[in-house]
Amino acid sequence: MPSVFIKTYGCQMNERDSEAVAAQLVAKGYTLAKSEAVADVVLLNTCSVRDMAERKALNKMANMVGIAKKERPNQIFGFMGCMAQSRGQELIDKLPDVDLVVGTQKFHRTADYLDEILAGRRDKIVDTAAEEKSEAAIREHLLNGNAQKSVSAFVSIMQGCNQYCTFCIVPYTRGEERSRTIDDIVAECRDLVSRGVKEITLLGQIVTSYGKRDIATTNGKSAFVQLVDAVHEIDGLERIRFTSPHPKGYGDDLVEAYARLPKLCESAHIPVQSGSDRLLKIMHRGYTRERFLGIIEKLRHARPGIGISTDIIVGFPGETEEDFEQTLSLAREVEFDQAYIFKYSPRRDTPAADMDGQLSTAVKEERNERLLRLVNEIAARNYEKLVGTQVQILVEGPSKKNPARMMGRTRCNKIVVFDGSDRHRGQIMDVKITRAGSFTLYGDPDILE
Ligand code: 5AD
């Protein structure tokens, strides 16, 4: 059977989609290749959220087909995911050696399409059509051979986005919001737990919008909180996380869930994007700075020490120095444990791309730098405060940077590296923090048995 190599760009949803496609291919008898150089089929799962991500995937593909022409004439190439969705046939026009383009509602068709291409029945396939119920088609997992995922798995609960933030391409690449049923999601989670998974992260573009159209609020609990409650019931599951919520949908029922549900980890990734009310409005975010700060305050009250991370865009069209200072002051006020900062990148078909006041690269870079420095300073100070404390970690597997050591995550989602061995994988244990590095903590090995 052929071998396949999948390279993924972008977010955790993309990682999850790639994993499901890989699992579908393995179920058909494909093997997973170690690199593109030895694979019969190479798939790039793409991201469109910023121009850089698109360019990386395009360059990678151009490079690979160039080498294949000389060295591996039978290699098959495909684009999947967001850029495949937004560009479709255009990708093959540009790179005629590409064989397959599968959009975001067609991941589950990839295996069949590859069969047809490999059997010589079809030459080129482009499928970016919408498909009903495709949101429920991302369900297979590849636990074997992947230390991390067999401890901590991601479950896709919905697809698409209806928020239409003026900077964002996602509603155009992922389509309208569609949610899976609670029963379907719980069944997938149960199966994962029966296979040894200890932690589940529920995934969606905006998880707080989960099931809005189909599941009525009951006893003050939104559909999403009902889902978290149902997942919480699963015996053997130790930890629950989710990403990403939207501040707009962060109701008191969700805040209260943190106080009520012990498996729900005290960690929240809440994208704020800007600290300026003026910009939040133009971005079409649907909340104010004050509302965001209110949510953080309530969460910290419900779970003191909760880890808070965020996404921030710098250099949105028309962002003034005052707007940017509002973002700096918000970062100071909240003291994020981690913030992902993005330089605004104009995306096709989005309103912000045509707005007046587009800023220069130099301004974006300068603001990026200033905010990064501030966020890092604050995080370093707060990480340092954890030295000497005891924290609970779930051990996921070998550390990526140093595979001779093991890594786990605290409930607040901080990475802890320590001297351990594979027998610790999947264990929940207490470690003492001895040292803090850049967004990494180091644990004391002495307290291990
Ligand atoms: N430019 C820069 N960053 C963007 N993001 C989304 N769209 C853009 C864009 N056009 C960022 C947002 C989002 C994260 C996943 O990517 O901060 O939360």
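The preceding data block contains the structure.
Reference entry: report on the structure contained in this document. Keep in mind that this is a model prediction, so the values were computed, not measured. (Residues numbered from 1 in each chain as written. Predicted model: local features only at pLDDT ≥ 70, side-chain atom pairs only at ≥ 80, totals over all residues. Heavy atoms only, no water.)

**Concerning the site of the ligand**
Inclusion rule: Being near a molecule or strand, for a residue, comes down to having at least one heavy atom within 4 Å of it. Two N or O atoms count as a polar contact when they lie within 3.5 Å, although within protein this holds only if one can serve as hydrogen donor and the other as acceptor, and sequence-adjacent residues are included solely when both atoms are side-chain atoms. The accessible surface values rely on the Shrake-Rupley method and a 1.4 Å probe; as for residues, cover is taken only from the protein chains in view. Per the convention used, a helix needs a DSSP run of H or I reaching at least four residues, while a strand needs a run of E reaching at least two, with both numbered from the N terminus. Throughout this entry, Asp, Glu, Lys and Arg are counted as charged residues, while Ala, Val, Leu, Ile, Met, Phe, Trp, Tyr, Cys and Pro are counted as nonpolar. The remaining residues, Gly among them, count as polar.
Taken together, the neighbourhood of the ligand is formed by Val49, Arg50, Phe167, Gln273, Asp311, Ile313, Phe342, Lys343, Tyr344, Ser345 and Arg347. At 3.1 Å, a side-chain N or O of Arg50 approaches an oxygen atom of the ligand. Taking Asp311, its side chain carries an N or O atom lying 2.7 Å from an oxygen atom of the ligand. Expressed as a share of its isolated accessible area of 410 Å², the protein-covered part of the ligand is 86%. Only β13 (307–314) and β14 (338–343) provide two or more residues apiece to the shell around the ligand. For the shell around the ligand, the residue count by class is five nonpolar, two polar and four charged.

**Overview of the packing of helix α7 (residues 182–194) against helix α8 (residues 223–232)**
Quick reminder of the rule: Each axis is a line fitted through C-alpha atoms, and for a helix only the stretch in contact is used; angles between axes span 0 to 180 degrees, taken between their N-to-C directions. Working rule for handedness: look at the near helix, and if it is turned counterclockwise from the far one by less than a right angle, call the crossing left-handed; if clockwise, right-handed. Only heavy atoms matter for contacts: two residues are in contact if any of them lie within 4.5 Å across the pair.
Relative to each other, α7 and α8 sit at 30°, their axes nearing to 10 Å. Regarding α7 and α8, the two cross each other, and that crossing is right-handed. Side by side, α7 and α8 meet where Ile182, Ile185, Val186 and Cys189 of the first sit next to Ala223, Gln226, Leu227, Ala230 and Val231 of the second. Its residues assigned to classes, the contact of α7 with α8 shows eight nonpolar, one polar and no charged.

**So, the side chain of Asp99**
Operational definition: Each residue's exposure class comes from its accessible area (1.4 Å probe, protein chains only) as a fraction of the maximum for that residue type: buried when under 20%, exposed when over 50%, partly exposed otherwise. Two residue types count as positive, namely Lys and Arg, and two as negative, namely Asp and Glu; His and chain ends fall outside the count. Salt bridges, as used here, are contacts in which a Lys or Arg side-chain nitrogen is within 4 Å of a carboxyl oxygen on Asp or Glu.
Along the polypeptide, Asp99 turns up in the loop between α4 (89–94) and β5 (100–102). Here Asp99 sits buried without a salt bridge, and the closest side chain of opposite charge, Lys124, lies 4.1 Å off (N-O distance). Here Phe77 takes part through its backbone nitrogen, which lies 2.8 Å from a polar atom of the side chain of Asp99. For Asp99, the contacting residues outside a window of four places in its chain are Gln75, Ile76, Phe77, Ile92, Ile117, Asp123, Lys124 and Ile125.

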